[in-house]
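Notes for the structure review
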Amino acid sequence: MDQQKLQQLIRWLNEQINTANVTINEAQRTQNYGRLVIYEGMRDAYVRCLSKLGA
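What this report covers is the structure whose coordinates are included nearby. (Residues numbered from 1 in each chain as written. Predicted model: local features only at pLDDT ≥ 70, side-chain atom pairs only at ≥ 80, totals over all residues. Heavy atoms only, no water.)

1. Some details on the overall build of the protein
The number of helices and strands found in the protein is two helices and zero strands. The C-alpha radius of gyration computed for the protein amounts to 13 Å, which surpasses the reference 10 Å derived for 55 residues by more than 25%, pointing to a less compact arrangement than a globule. Dimensions of the protein along its principal axes, counting C-alpha atoms only, are 40 × 15 × 10 Å. Expressed as a percentage of the 55 residues in the protein, the buried residues total 20%. For the protein, the accessible surface area stands at approximately 4,100 Å², while carbon and sulfur atoms represent 51% of it. Charge separation in the protein, taken as the distance between the mean sites of 7 positive and 5 negative side-chain charges, equals 2 Å. (Helix = DSSP H or I, 4+ residues; strand = E, 2+ residues; numbered from the N terminus. Rg over C-alpha atoms; globule rule 2.2 N^0.38 Å. Buried < 20%, exposed > 50% of the residue type's maximum accessible area, 1.4 Å probe, protein only. Areas by Shrake-Rupley, 256 points an atom, 1.4 Å probe, with all protein chains shown as cover. Lys, Arg positive; Asp, Glu negative; His and termini not counted. Charge placed at Lys NZ, Arg CZ, Asp CG, Glu CD.)

2. Some words on the packing of helix α1 (residues 3–30) against helix α2 (residues 33–53)
Where α1 contacts α2, the axes come no closer than 9 Å and their chain directions differ by 155°. Taken together, the axes of α1 and α2 are roughly antiparallel relative to one another. Here the hand of the crossing between α1 and α2 comes out left-handed. In terms of residue class, the contact of α1 with α2 is made up of 16 nonpolar, five polar and three charged. (Axes fitted to C-alpha atoms, helices over the stretch in contact; angles between N-to-C directions. Parallel < 35°, antiparallel > 145°, perpendicular 65-115°, else oblique. Left-handed = near helix turned anticlockwise from the far one by under 90°. Nonpolar A, V, L, I, M, F, W, Y, C, P; charged D, E, K, R; others polar.)

3. Section: the side chain of Thr23
By the secondary structure assignment, Thr23 is in helix α1. You can call Thr23 buried: its relative accessible area is 13%. Beyond its immediate stretch of four places on either side in the chain, Thr23 contacts Arg35 and Tyr39. (Contact = heavy atoms within 4.5 Å.)

4. Section: the packing of aromatic side chains
Summed over all chains, the structure comprises one aromatic pair. Geometrically, the ring pair formed by Trp12 and Tyr46 is edge-to-face, given 5.8 Å between the ring centres and 85° between the ring planes. Residue Trp12 is found in helix α1, and its partner Tyr46 is found in helix α2; the two are separated by 34 residues along the sequence. Judged by its relative accessible area of 41%, Trp12 falls in the partly exposed class. (Phe/Tyr/Trp six-rings, centres within 6.5 Å; stacked < 30°, edge-to-face > 60°.)

The values reported here are purely geometric and, on their own, carry no functional implication.
Laid out in structure tokens, this is it:
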């Protein structure tokens, strides 16, 4: 993968993590625990991907 595509992927993953964090905070506030668990899993998967990419 070339450097530009890698940087785009890293930016996209970071955006997804930020979106998941916002949704997690909202789910905690509204006590929507099903949504909370789903988005925590998504966030954790994105973070694992970033760590494998070395970002």
